[in-house]
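# Residue-level structure breakdown
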Amino acid sequence: MKTSPLSKTFIYVMLGIGSILMLLPFVWMISTSLKSGNEVMIMPPVWIPETLRFDNFVAAFEKAPFATYFVNSVIVMVLSTLGEVITTILAAYAFSRLNFWGKDALFALLVGTMMVPGEVLLVPNFVLLSDLGWIDRYEALIIPWTASIFSIFLLRQFFLKIPKELNYAARVDGCTNFRFLWSIMIPIAKPALITIILLKAIGSWNAFLWPLIVTNSKEMRTLPVGLTSFSTEAGTVYELLMAASTMIIFPMIILFIFLQKYIIKGIAGAGIKG
């Protein structure tokens, strides 16, 4: 059905308004990071600082050991993403290509767990990791997040769209399941895998609640948890907090801007298939 010019104009206007509303918090964050302490508290708020205080970024970096936080965040992001990719590929292939008893029921059960709020699992997971002696260690930050039902579901849907004739032809040529997965399925599913990697990397980089719970020392904190250094009983140093937040979020924004097409292609290519 052809869209009328008036409808197109309305859609563009609404999208424009939505984009502005989404960008306002980021603009405010950057603006506040460049203000002096006095300008932060001025009412009504000032959007453009009178003097750009780039030294806030230096002060924020010196306020806490952000180099340590950065290393921890990179380690957690890389290892948890690698672990999730491995478990996702193997599980998605099993649910899409292998035949075993209870496959559909097991997959339905796994998908059903996505409806359980993550907050419900915080206490049981913490108790389990405490019993294992993993609190304030990398194991607690990485291992619980090396599997994702959403990622398995997404990749399984992508695998289901790959013709089964390829599998039959590979079997005739003597190809094993693992070789078929590695040589054919994974290259074809590259858009979906890139989507999973990006979403996991961004989520891991921005994770706050879980690292806050399972870490006690500064040596094990990640970047988002490190932001609490600017909040004390005496108050919050907002200009330094926003400067540190800008430095933390900037790498993920750049990553998303350059690779967002893969996210769109991966999710669109997965489709919906039973």
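Residues numbered from 1 in each chain as written. Predicted model: local features only at pLDDT ≥ 70, side-chain atom pairs only at ≥ 80, totals over all residues. Heavy atoms only, no water.

Take the environment of Ile213 next. Its place among the elements puts Ile213 in helix α12 (residues 209–214). Residues Ile213 and Ala92, 121 residues apart in the sequence, show an inter-C-alpha distance of 31 Å. Not counting residues within four places of it along the chain, the set of residues in contact with Ile213 comprises Leu122 and Phe126. (Helix = DSSP H or I, 4+ residues; strand = E, 2+ residues; numbered from the N terminus. Contact = heavy atoms within 4.5 Å.)

A few words now on the domain arrangement of the chain. Looking at the assigned domains, one finds that the chain contains domain 1 (1–53) and domain 2 (61–273). The distance between the C-alpha centroids of domain 1 and domain 2 comes to 30 Å. Listed per partner, the contact involves nine residues of domain 1 and eight residues of domain 2. Both faces combined, the contact of domain 1 with domain 2 buries some 660 Å², and carbon together with sulfur accounts for 82% of it. Its largest share of buried area at the contact with domain 2, domain 1 owes to Phe26, Met29 and Ser33, together 56% of the area lost on that side. Across the contact surface, domain 1 and domain 2 share zero salt bridges. Looking at the side of domain 1 that touches domain 2, the elements that each hand over two or more residues are α1 (5–33) and α2 (37–40). Considering every element that reaches the side of domain 1 that touches domain 2, the biggest residue donor is α1, with five residues. Tallied by class, residues from the side of domain 1 that touches domain 2 come to five nonpolar, three polar and one charged. (Domains from an automatic or database assignment. Buried area = accessible area lost by both parts, 1.4 Å probe. Salt bridge = Lys/Arg side-chain N within 4 Å of Asp/Glu carboxyl O. Nonpolar A, V, L, I, M, F, W, Y, C, P; charged D, E, K, R; others polar.)

Taken as a whole, this structure holds two salt bridges when the rule is applied. Its salt-bridge partner being Lys200, residue Glu84 comes within 3.4 Å of it at the nearest N-O pair. Highlighted residues: Glu84 in helix α4 (residues 66–97) and Lys200 in helix α11 (residues 190–206), separated in sequence by 116 residues. Residue classification places Lys200 among the buried residues on the basis of a relative accessible area of 15%. One salt bridge connects Arg137 with Glu139, and the closest N-O pair in it is separated by 2.8 Å. Taking relative accessible area as the criterion, Arg137 reaches 37% and is therefore assigned partly exposed. Given the relative accessible area of 23%, Glu139 is considered partly exposed. (Buried < 20%, exposed > 50% of the residue type's maximum accessible area, 1.4 Å probe, protein only.)

A few words on the side chain of Thr32. Inspection of the secondary structure assignment puts Thr32 in helix α1. Judged by its relative accessible area of 3%, Thr32 falls in the buried class. Not counting residues up to four positions away in its chain, the partners in contact with Thr32 are Val40, Tyr238, Glu239 and Met242.

Attention shifts here to the nonpolar core. Residues Phe66 and Phe230 are the most contacted members of the largest nonpolar core, which totals 21 residues. Secondary structure elements with two or more residues in this core: α3 (55–63), α4, α11 and α14 (238–270). Ranked by size, the runner-up nonpolar core spans 19 residues in total, among them Ile162, Ala170, Ile186 and Ala192. (Core = buried A, V, L, I, M, F, W, Y, C linked by side-chain atoms within 4.5 Å.)

When two helices pack together, you describe them by how their axes are tilted relative to each other and by the distance separating the axes. With their axes 9 Å apart at the nearest point, helix α8 (residues 149–160) and α11 run at an angle of 170 degrees to one another. When the interaxial angle is binned, α8 and α11 end up roughly antiparallel. Residues Phe150, Ser151, Leu154, Leu155 and Phe158 of α8 form the contact with α11, whose participating residues are Pro191, Ala192, Leu193, Thr195, Ile196 and Leu199. Here the contact of α8 with α11 is composed, by residue class, of nine nonpolar, two polar and no charged. (Axes fitted to C-alpha atoms, helices over the stretch in contact; angles between N-to-C directions. Parallel < 35°, antiparallel > 145°, perpendicular 65-115°, else oblique.)

On inspection of all chains with the given rule, the structure shows seven aromatic pairs. Considering the side-chain rings of Phe66 and Tyr69, the 5.5 Å spacing of their centres and the 75 degrees angle between planes classify their relative orientation as edge-to-face. You can see Phe66 and its partner Tyr69 sitting in helix α4, three residues apart, about one turn around the helix. The pair formed by Phe66 and Tyr69 is uniform in burial state, with each residue classed as buried. Their ring planes at 55 degrees and their centres at 5.2 Å tell us that Phe95 and Phe107 sit as a pair that is tilted. (Phe/Tyr/Trp six-rings, centres within 6.5 Å; stacked < 30°, edge-to-face > 60°.)

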